[in-house]
Amino acid sequence: MNTATLRIEGEVVTPRQFGFADLAALPQQIPDISALAPGRQGCAVRLRALLDETGLGARATHIMLYADDGEYSASVPLDTVIDHAVIIYGLGNRPLPAEQGGPMRFLIPDVTACGIGEVDACANVKCLSSIEASDGRGPDTRPTNGPANR
Ligand SMILES: Nc1nc2c(c(=O)[nH]1)N[C@H]1C(S)=C(S)[C@@H](COP(=O)(O)O)O[C@H]1N2
Ligand SMILES: [Mo]
């Protein structure tokens, strides 16, 4: 049973939730993420496609990425990531397995392309439950001591 949803909220015009089928129905699909991120698996949709659906509020400067454990979160500048970030949501027509950060995970395939230190691999939030557009930076629990895998 797959009831996981991803909420898009905060400084958006129309907040909404996306389940597996909703994400699969959006434009801007990447059928195989390994084309953008060698070594990774799954199908993805561009962040831009979700934000096109909700619309963005004029005050939105950052997005907060919340994991479903209610503990891990990251806050990154919207302009920097909007044309890089994707949501990986499936593998073989099923939700992305938890071992790979599923059922939905945020991924910036090439963090160096973003060109700022605020955007790093630690912002690739697994078990993503909410993306909140915000006016300014929000809560961020990313480790500051280097790119260790946690
Ligand atoms: N929910 C959640 N997502 C998370 C983390 C975490 O602790 N919890 N760690 C982050 C960190 S510090 C890194 S470096 C990347 C590692 O993801 P990867 O193993 O898929 O490359 O996941 C990020 N996403
Ligand atoms: Mo990290």
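About the thresholds
- Residues numbered from 1 in each chain as written.
- Chains lettered and ligands numbered in written order.
- Predicted model: local features only at pLDDT ≥ 70, side-chain atom pairs only at ≥ 80, totals over all residues.
- Heavy atoms only, no water.
- Helix = DSSP H or I, 4+ residues; strand = E, 2+ residues; numbered from the N terminus.
- Rg over C-alpha atoms; globule rule 2.2 N^0.38 Å.
- Buried < 20%, exposed > 50% of the residue type's maximum accessible area, 1.4 Å probe, protein only.
- Contact = heavy atoms within 4.5 Å.
- Areas by Shrake-Rupley, 256 points an atom, 1.4 Å probe, with all protein chains shown as cover.
- Pairing = 2+ DSSP bridges.
- Salt bridge = Lys/Arg side-chain N within 4 Å of Asp/Glu carboxyl O.
- UniProt positions renumbered as here; feature names shortened; annotations may be inferred.
- Disulfide = S-S within 2.5 Å.

Per an unreviewed UniProt entry, the protein carries the name Oxidoreductase molybdopterin-binding domain-containing protein and comes from Candidatus Entotheonella gemina.

## Brief notes about the overall build of the protein
Check the secondary structure of the protein and you find four helices and ten strands. Listed by position from the N terminus, the elements making up the protein come as β-β-α-β-β-α-β-β-α-β-β-β-α-β. Computed over the C-alpha atoms, the radius of gyration of the protein is 14 Å, within 12% of the 15 Å expected from 2.2 N^0.38 for a compact globule of 150 residues. If you line up the protein on its principal axes, its C-alpha atoms span 35 × 35 × 30 Å. Out of the 150 residues belonging to the protein, those deemed buried represent 44%. Look at the contacts in the protein between residues 6 or more apart in sequence, and 62% of them connect residues 24 or more apart. For the protein, the exposed area adds up to about 7500 Å²; of that, 49% sits on carbon and sulfur atoms.

## As for the pairing of strand β1 (residues 6-10)
Note that β1 and strand β2 (residues 16-18) share three bridges and pair antiparallel. Its bridge partner being in β2, Arg7 is matched across the sheet by Gln17. Taking the residues between adjacent antiparallel strands as the criterion, β1 and β2 are bridged by five residues. As defined by bridge partners, β1 adjoins strand β10 (residues 128-134) across four bridges and the pair is classed as parallel. Directly across from Arg7, in β10, lies its bridge partner Ser130.

## Here we look at the pattern of salt bridges
Taken as a whole and judged by the stated rule, the model has eight salt bridges. Arg16 is the salt-bridge partner of Glu53, the closest N and O atoms lying 3.4 Å from each other. Remark: Arg16 occurs in strand β2 and Glu53 occurs in helix α2 (residues 47-54); sequence separation between them is 37 residues. Judged by relative accessible area, which is 41%, Glu53 ranks as partly exposed. In this structure, Arg142 and Asp120 form a salt bridge, with 3.0 Å as the shortest nitrogen-oxygen distance. Of the two residues, Arg142 is situated in the segment after β10 and Asp120 in the loop between α4 (111-114) and β10; the sequence distance between them amounts to 22 residues.

## Some points on the UniProt feature "domain: Oxidoreductase molybdopterin-binding" (unreviewed entry) in the protein
According to UniProt, the "domain: Oxidoreductase molybdopterin-binding" (unreviewed entry) feature falls on residues 45-135. The span residues 45-135 shows a helical share of 18% and a strand share of 34%, and its end C-alpha atoms are spaced 24 Å apart.

## Topic: the state of the cysteines
Under the definition given, this model contains zero disulfides. Here Cys43 stays free of any disulfide, with the sulfur of Cys127 as its closest cysteine sulfur at 16 Å.

## Section: the side chain of Asn124
In this fold, Asn124 is placed in the loop between α4 and β10. Given the relative accessible area of 8%, Asn124 is considered buried. In this view, Asn124 contacts Arg105, Phe106, Leu107 and Ile108; residues no more than four positions away in its chain are not counted.

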